[in-house]
Amino acid sequence: MKPLLLAVAVLAVAAPAWAQTPPTAAPAAAPAPPLSYGAPIGLETAQALIDRAIEAGRARGFRLAIAVVEPSGELVAFGRMDDVQYGSINVAQDKARSAARFRGSSAAAEERLAAGRMALLAIDGIVPVAGGVPIVVDGKVVGAIGVSGASSAQDDEVARAAIAAVLGG
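Residues numbered from 1 in each chain as written. Predicted model: local features only at pLDDT ≥ 70, side-chain atom pairs only at ≥ 80, totals over all residues. Heavy atoms only, no water.

### Describing the nonpolar core
Argument step 1. Ranked by size, the top nonpolar core spans 22 residues in total, and within it Leu49, Ile66, Val68, Ile135 and Ile145 carry the most contacts.
Argument step 2. Put simply, the parts of the chain that give this core at least two residues each are helix H2 (43-60), strand S2 (65-69), strand S4 (132-137), strand S5 (140-148) and helix H5 (152-167).
Argument step 3. Here this core gets 6 residues from one element, more than from any other, and that element is H2.
Argument step 4. Formed by 9 residues, the second largest nonpolar core is a distinct cluster that contains Ala65, Val69, Ala92 and Ala99. (Core = buried A, V, L, I, M, F, W, Y, C linked by side-chain atoms within 4.5 Å. Buried < 20%, exposed > 50% of the residue type's maximum accessible area, 1.4 Å probe, protein only. Helix = DSSP H or I, 4+ residues; strand = E, 2+ residues; numbered from the N terminus.)

As structure tokens, this is what we get:
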């Protein structure tokens, strides 16, 4: 009799636990494939981006260095405002190169680093500081713009404003 009572007691305690077992989670959606590379940005468009970034920086009272690179990360056009700190020259180019070669904004890399993805620091050429933005035309990365001289959030704002002014997006 005791074994039967023990079995009933175990079932009585275990049944609610079985009923509360969460359903198996659906598999996560596959990440979107990375953007493809397109034909490199031309000098005329690159220079227009530089001009719009300088206008946006001037309107905000910033002193900036701006670099536009092709998908390989090689420089197409560069501009700097008077009295920008010299260190911003290389930083703007590095932000642009990182955004082009890794097909993603340097702000996204900064967010991943802030979330604890310390492995980013071991990747040669990645700059996890906002201000580098890929230039995407017809769904393809044709280059990137890098801005440096203000805060990283302000650099990113100017880069995106320049792209929106020239390319509408």
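### Focus: H5
Argument step 1. Relative to the 22 Å expected for 16 residues at 1.5 Å per residue, H5 spans 22 Å between its end C-alpha atoms, a close match to the ideal helical length.
Argument step 2. Every buried residue belonging to H5 is among Asp155, Asp156, Val158, Ala159, Ala162 and Ile163, and all of these are buried. Buried residues of H5 fall within an arc of 160° about the axis and therefore sit on the same side. Turned more than 90 degrees away from the buried face of H5, the exposed residues are Ala153 and Ala165.
Argument step 3. At its buried positions, H5 is contacted by H2, helix H3 (87-101), helix H4 (106-114), S4 and S5. (Expected span 1.5 Å × (residues − 1). Arc of directions from axis to C-beta. Contact = heavy atoms within 4.5 Å.)

### Describing unusual backbone geometry
Argument step 1. Phi at Asp83 takes a positive value of approximately 65°, unusual for a residue other than glycine.
Argument step 2. As for its placement among the helices and strands, Asp83 is situated in the loop between strand S3 (75-80) and H3.
Argument step 3. With a phi close to 55°, Arg103 is a non-glycine residue in the positive phi region.
Argument step 4. Its place among the elements puts Arg103 in the loop between H3 and H4.

### Overview of the pattern of salt bridges
Argument step 1. For the coordinates displayed, the defined rule picks out 7 salt bridges.
Argument step 2. The salt bridge partner of Arg160 is Asp156, with a shortest N-O separation of 2.8 Å. Of this pair, Arg160 and Asp156 are both found in helix H5, 4 residues apart, which corresponds to roughly one turn of the helix.
Argument step 3. The exposure class of Arg160 is partly exposed, given its relative accessible area of 39%. (Salt bridge = Lys/Arg side-chain N within 4 Å of Asp/Glu carboxyl O.)

### Quick word on the packing of H2 against H5
Argument step 1. Closest axis-to-axis distance for the H2/H5 pair is 8 Å, and the angle between their directions is 130°. Here H2 lies oblique to H5, going by the angle between them. H5 is crossed by H2, and the crossing has right-handed handedness. Mapping the contact onto sequence places Thr45, Ala48, Leu49, Arg52, Ala53, Ala56, Gly57 and Arg60 in H2 and Glu157, Val158, Ala161, Ala162, Ile163, Ala165, Val166 and Leu167 in H5.
Argument step 2. Of the residues belonging to the contact of H2 with H5, the class tally is 11 nonpolar, 2 polar and 3 charged. (Axes fitted to C-alpha atoms, helices over the stretch in contact; angles between N-to-C directions. Parallel < 35°, antiparallel > 145°, perpendicular 65-115°, else oblique. Left-handed = near helix turned anticlockwise from the far one by under 90°. Nonpolar A, V, L, I, M, F, W, Y, C, P; charged D, E, K, R; others polar.)

### Some thoughts on H3
Argument step 1. Between its terminal C-alpha atoms H3 stretches 22 Å, which fits the 21 Å expected from 15 residues at 1.5 Å a residue.
Argument step 2. Those residues of H3 not exposed but buried are Ser88, Ala92, Gln93, Lys95, Ala96, Ser98, Ala99 and Ala100.
Argument step 3. Remark: Arg103 follows H3 within two positions and exhibits a positive phi of approximately 55°.

### Some points on the environment of Glu74
Argument step 1. Relative to the helices and strands, Glu74 is located in the loop between S2 and S3.
Argument step 2. Looking at Glu74, the relative accessible area reads 45%, which means it is partly exposed.
Argument step 3. Here the alpha-carbon distance between Glu74 and Arg97, two residues 23 residues apart in the chain, equals 7.1 Å.
Argument step 4. For Glu74, the contacting residues outside a window of four places in its chain are Val68, Val69 and Arg101.

### Some thoughts on the environment of Arg101
Argument step 1. Structurally, Arg101 is set in helix H3.
Argument step 2. Under the relative-accessibility criterion, Arg101 is labelled partly exposed at 40%.
Argument step 3. Taking the C-alpha atoms as reference points, Arg101 and Pro134, 33 residues apart in sequence, are found 9.0 Å from one another.
Argument step 4. A polar side-chain atom of Arg101 sits 2.6 Å from the main-chain carbonyl oxygen of Ser72. (Polar contact = N/O pair within 3.5 Å; in protein donor to acceptor, adjacent residues only side chain to side chain.)

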